[in-house]
Amino acid sequence: MIGAILAGGYGKRLKPITDHIPKALVEITDNYTIMDRQLFDFKNIGIRDVYILSGYLSEVIEERYKNYRDMNIHYLREEKPMGTLFSLSNLMKNIDDDAIVRNGDTVTDINFKNFVDFSISRNYDMVMFVTKMQSPYGIVEFSGDKVDNFREKPQLDHYINAGMYYIKKSAFNAFFRKYMEKDIEKSVFPYLVNNNRMGVYCEDALWLGIDSEKDLKTIKEMYNGRKDTSYGYSKILYEDNGKIIKEHYIRAGEKVEIPPGRILKIDSGVGYIDDNTAKKYVPGQVVKLEKKITVLAHENSIIEEIFI
């Protein structure tokens, strides 16, 4: 399995930030870019070969990752924009394995291991990660001329393409057909759907496309005090004079050790303590630790670690 990142766009809506760097190299926290996060995700699921499908300012990307942490970074550069169909068919000429392909401007906390396992286990040639859509506007509910309810930018009951795909080798032939359109959304996707060859993966997890200064401000606020980890992330919520409240996001199937002298508050998710099914944790539970313990998440979990 290989990883691939579509990173050829101009990032026009992020100018002037993207005047000298491609969008994939925009920092979401100090010296930590969108692409840093994406490569970190790939590394955590054992991917060692990653293809960067680059274009605009590709030399800046190549300079940053020329000696990158035990991963083999390959570059397929376009001198001018050719569309995503060309980019991915060109990728498939250079690989002989299943691929996880993702847009180079998204950050997500989904469980990649579950995404891969789900994709492999299903009889689809390609699986798309989809996420709930948040309305960009306030929603007004009314009867006659009377307003009954107003909801500011709620999450809608619609799913959108999250820009990440598991593409099996069996799907490669679909990328070499003759199409009128240059983008996969208008060519390959309809073909696979019409032939019952595409599936979807859903998960309730952070997903954000970094497409504007507002999006960038949002993700930077999320990363204030946050550190990505192999199990998910840890984030300092409060720190003062030795008093600390830390949030852990633990993906299903992952473990984290918590030292003694802490209090744990389970905000969401279900799992076990010290791999003991008799010691199940559930939302709302508070646990005082007398010794070091290991938390094993059965579901994606958010747990507060309190040290006072």
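Scoring rules and cut-offs
- Residues numbered from 1 in each chain as written.
- Predicted model: local features only at pLDDT ≥ 70, side-chain atom pairs only at ≥ 80, totals over all residues.
- Heavy atoms only, no water.
- Buried < 20%, exposed > 50% of the residue type's maximum accessible area, 1.4 Å probe, protein only.
- Helix = DSSP H or I, 4+ residues; strand = E, 2+ residues; numbered from the N terminus.
- Pairing = 2+ DSSP bridges.
- Core = buried A, V, L, I, M, F, W, Y, C linked by side-chain atoms within 4.5 Å.
- Contact = heavy atoms within 4.5 Å.
- Axes fitted to C-alpha atoms, helices over the stretch in contact; angles between N-to-C directions.
- 1 Å grid on protein atoms, 1.4 Å probe; cavity = no way out; pocket = protein on both sides within 12 Å on 5 of 7 lines; lining within 4 Å.
- Points joined across faces, edges and corners; volume = space filled by probe spheres on them.
- Nonpolar A, V, L, I, M, F, W, Y, C, P; charged D, E, K, R; others polar.

J.: Provide a residue-level description of the pairing of strand β17 (residues 255-258), including the pertinent values.
T.: Here β17 shows one buried face, formed by V256 and I258, and one open face, formed by K255 and E257. Here β17 pairs with strand β22 (residues 293-297) via four bridges, running antiparallel. Opposite E257, over in β22, you have T294 as the bridge partner.

J.: How would you summarise the nonpolar core if you had to cite specific residues and measurements?
T.: If you look at the biggest cluster of nonpolar residues, it comprises 31 residues, and the most contacted ones within it are M35, L39, V50, I100 and F115. Not counting residues within four places of it along the chain, the set of residues in contact with F115 comprises I100, I110, V127, F129, M164, Y165, Y166 and Y201. Of all hydrophobic cores here, the second largest spans 27 residues; its members include L6, M126, M128 and I167.

J.: Hey, could you go over the sheet that holds strand β12 (residues 198-202) for me, with residue numbers and the actual values?
T.: Each strand in a sheet pairs with another by means of backbone hydrogen bonds, the pair being arranged parallel or else antiparallel. Spatially, β5-β4-β1-β6-β11-β8-β12 is the arrangement adopted by the seven strands of the open sheet, whose pairing is mixed. Across the chains shown, the open sheet's two edge strands, defined by having one partner strand only, are β5 (72-77) and β12. Recorded for the sheet is a direction-independent mean angle of 30° between the axes of neighbouring strands. Alignment of strand β6 (residues 99-103) against strand β11 (residues 155-167), held across four bridges, turns out to be antiparallel. Bridging across to β11, A99 finds its partner in I167.

J.: How would you explain the layout of surface pockets if you had to name every residue and give the values?
T.: There is about 220 Å³ of room inside the second largest pocket. Lining the second largest pocket are 13 residues, with D109, L206, R226, Y233 and I302 sitting closest to its centre. Looking at the lining of the second largest pocket, the elements that each hand over two or more residues are β15 (232-240) and β16 (243-250). Here the residues of the lining of the second largest pocket sort into six nonpolar, two polar and five charged.

J.: Tell me about the sheet that holds β15, and name the residues and values.
T.: Spatial ordering of the open sheet is given by β14-β15-β16-β23-β18-β21, a layout of six strands whose pairing is antiparallel. The open sheet is flanked by β14 (226-228) and β21 (286-288), the only strands paired with a single partner. Each strand axis lies, on average, 20° off the axis of its neighbour in the sheet, ignoring direction. Both β15 and β16 contribute to a ladder of eight bridges, which runs antiparallel.

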